[in-house]
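Chain residues, written in single-letter form:
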Amino acid sequence: MICARLPVASLPCQSLRPTTTTISLPTLSLRLPIRQHSTLPIRRTALIAPAPKYTANPSLRLLTRNASTAAAAPGALSAGSAPVESLTWNRFLQLRKTRRRINVIASVLGIGACVAGSMYAITIHEVETLASQVVGLDPLITMGIIVVATAASGWLIGPIFGNALFNLRYRALRVPIMEKEKEFFQRIRKHRVDPTRSSYQNPVPDYYGEKIGSVSDYRRWLKDQRAFNLKREKMIV
């Protein structure tokens, strides 16, 4: 209760009731921007269960181990790195003997082809007549010289095709064969005898080692070289 005292006239105290004033405020409509859902893809992390370390089947265990090794080292097996095949001395000497036979066959075929070509030129184009006029010899002798020259050319050309065929057949062993060839030639050059000391009674035993086809043949070749030196010393004494 609040009593107000007036200075002019004394008024009785009246009870002043509290008045409540209602203020009507306009409602504020707040429009907040609503976030739209993003169109970006949601990254979901997949939980991969680790592979079991041990399996019941031993074959599956080995397969899992090989797969993990290949995944750890992807550059271990590549298309360019082919496994190099090992080459033993016996196989190298056998391949060397095979190459020599192929070269001989190719030389014989080369002789046949060159002689056939020379005979065709002689019978059709009369090459011996033109050559005899240039050289001044009898046409028969000129024809014989042409045939012998073409036969020698075929014998020399044959190993070219023979080596090409051999390298094509054994192209996987080309590098090991070259390495073994160098080492073999060094051994032959080191242990072979001096050909200037040879005679009719004591000929040089296989100077180039062409008859060597195995390790036992190589040991026999070494014995022949020592026997040659012993025989030469006895002849000198």
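Computed from a predicted structure; not experimentally measured. (Residues numbered from 1 in each chain as written. Predicted model: local features only at pLDDT ≥ 70, side-chain atom pairs only at ≥ 80, totals over all residues. Heavy atoms only, no water.)

1. What to know about the overall build of the protein chain
Then step 1. Across its full length, the protein chain holds 6 helices and 0 strands.
Then step 2. The order of α-helices and β-strands along the protein chain, N terminus first, is α-α-α-α-α-α.
Then step 3. Scored against the burial criterion, the 237 residues of the protein chain give a buried share of 18%.
Then step 4. Taking as baseline every contact in the protein chain between residues at least 6 positions apart, the subset at least 24 positions apart corresponds to 69%.
Then step 5. Put simply, the protein chain shows about 20300 Å² of open surface, and 62% of that area lies on carbon and sulfur atoms. (Helix = DSSP H or I, 4+ residues; strand = E, 2+ residues; numbered from the N terminus. Buried < 20%, exposed > 50% of the residue type's maximum accessible area, 1.4 Å probe, protein only. Contact = heavy atoms within 4.5 Å. Areas by Shrake-Rupley, 256 points an atom, 1.4 Å probe, with all protein chains shown as cover.)

2. Considerations on the nonpolar core
Then step 1. Membership of the largest hydrophobic core comes to 14 residues, with the highest contact counts inside it found for Leu 95, Ile 177, Phe 184, Ile 212 and Tyr 218.
Then step 2. Among the secondary structure elements, those contributing two or more residues to this core are helix H2 (89-125), helix H5 (174-191) and helix H6 (215-236).
Then step 3. Setting aside anything within four residues of it in sequence, one finds Ile 212 in contact with Leu 93, Arg 96, Phe 184, Ile 188, Asp 206, Asp 217, Tyr 218 and Trp 221. (Core = buried A, V, L, I, M, F, W, Y, C linked by side-chain atoms within 4.5 Å.)

3. Focus on the environment of Leu 93
Then step 1. Summarising the element assignment, Leu 93 is placed in helix H2.
Then step 2. Spatially, the C-alpha atoms of Leu 93 and Ser 214 are 5.5 Å apart, while their sequence positions differ by 121 residues.
Then step 3. Excluding residues that lie within four positions of it along the chain, Leu 93 makes contacts with Phe 184, Ile 212, Gly 213, Ser 214 and Val 215.

4. Structural notes on unusual backbone geometry
Then step 1. Within the chain, Asp 206 stands out as a residue other than glycine whose phi angle is a positive 55 degrees.
Then step 2. If you trace the backbone, Asp 206 turns up in the loop between H5 and H6.

5. Points about helix H4 (residues 139-169)
Then step 1. The first and last C-alpha atoms of H4 sit 44 Å apart over 31 residues, in line with the 45 Å expected at 1.5 Å per residue.
Then step 2. The set of residues buried in H4 consists of Thr 142, Thr 150, Ala 151, Gly 154, Gly 158, Gly 162 and Phe 166.
Then step 3. Residues of H4 that are buried in the fold lie against H2, helix H3 (127-135) and H5.
Then step 4. Put simply, Asp 138 is the residue that caps the front of H4, since its side-chain oxygen is 2.9 Å from the backbone nitrogen of Leu 140. (Expected span 1.5 Å × (residues − 1). Polar contact = N/O pair within 3.5 Å; in protein donor to acceptor, adjacent residues only side chain to side chain.)

6. Topic: the packing of aromatic side chains
Then step 1. Using the criterion set out here, one finds 5 aromatic pairs in the structure.
Then step 2. Seen from their ring centres, Tyr 207 and Tyr 208 are 5.1 Å apart, and the 90 degrees between their planes marks the pair as edge-to-face.
Then step 3. Ring geometry for Tyr 218 against Trp 221: centres 6.1 Å apart, planes inclined by 15 degrees, an arrangement best described as stacked. Taken together, the residues Tyr 218 and Trp 221, both in helix H6 and 3 residues apart, mark about one turn of the helix. Per residue, the accessibility class of Tyr 218 equals that of Trp 221, and both read buried.
Then step 4. Taken together, the aromatic side chains of Trp 89, Phe 92 and Phe 184 make up a single cluster linked through ring pairs. (Phe/Tyr/Trp six-rings, centres within 6.5 Å; stacked < 30°, edge-to-face > 60°.)

7. With respect to the layout of surface pockets
Then step 1. In this structure, the largest pocket spans a volume of roughly 250 Å³.
Then step 2. What lines the largest pocket is simply Leu 93, Arg 96, Lys 97, Arg 99, Arg 100, Asn 103, Glu 181, Tyr 208, Glu 210 and Ile 212.
Then step 3. The leading source of residues in the lining of the largest pocket is H2, at 6 residues.
Then step 4. Grouping the amino acids of the lining of the largest pocket by side-chain chemistry returns 3 nonpolar, 1 polar and 6 charged.
Then step 5. Considering only enclosed or pocket space, the second largest pocket measures out at about 160 Å³ in volume.
Then step 6. Surrounding the second largest pocket, Arg 99, Asn 163, Phe 166, Asn 167, Tyr 170, Arg 174, Ile 177, Met 178, Glu 181 and Lys 182 form its lining.
Then step 7. Contributions of two or more residues to the lining of the second largest pocket are made by H4 and H5.
Then step 8. Broken down by element, the lining of the second largest pocket gets its largest block of residues, 5 residues, from H5.
Then step 9. Considered class by class, the residues forming the lining of the second largest pocket number 4 nonpolar, 2 polar and 4 charged. (1 Å grid on protein atoms, 1.4 Å probe; cavity = no way out; pocket = protein on both sides within 12 Å on 5 of 7 lines; lining within 4 Å. Points joined across faces, edges and corners; volume = space filled by probe spheres on them. Nonpolar A, V, L, I, M, F, W, Y, C, P; charged D, E, K, R; others polar.)

8. Let's talk about the confidence of the model for the protein chain
Detail in the predicted coordinates should be disregarded across regions flagged by low pLDDT.
Then step 1. For the protein chain, mean pLDDT is 74; residues scoring 70 or higher make up 64% of the total.
Then step 2. Helix H1 (residues 58-72) is the least confidently modelled element of the protein chain, averaging 43 in pLDDT, while H5 averages 93, the highest of any element.
Then step 3. A low-confidence stretch, residues 1-16 stays under pLDDT 50, and its non-local contacts, those more than four residues away or across chains, total 6 contacts.
Then step 4. Here residues 45-49 scores under 50 on pLDDT; set against residues more than four positions off or in separate chains, the count is 0 contacts. (pLDDT = per-residue confidence, 0-100.)

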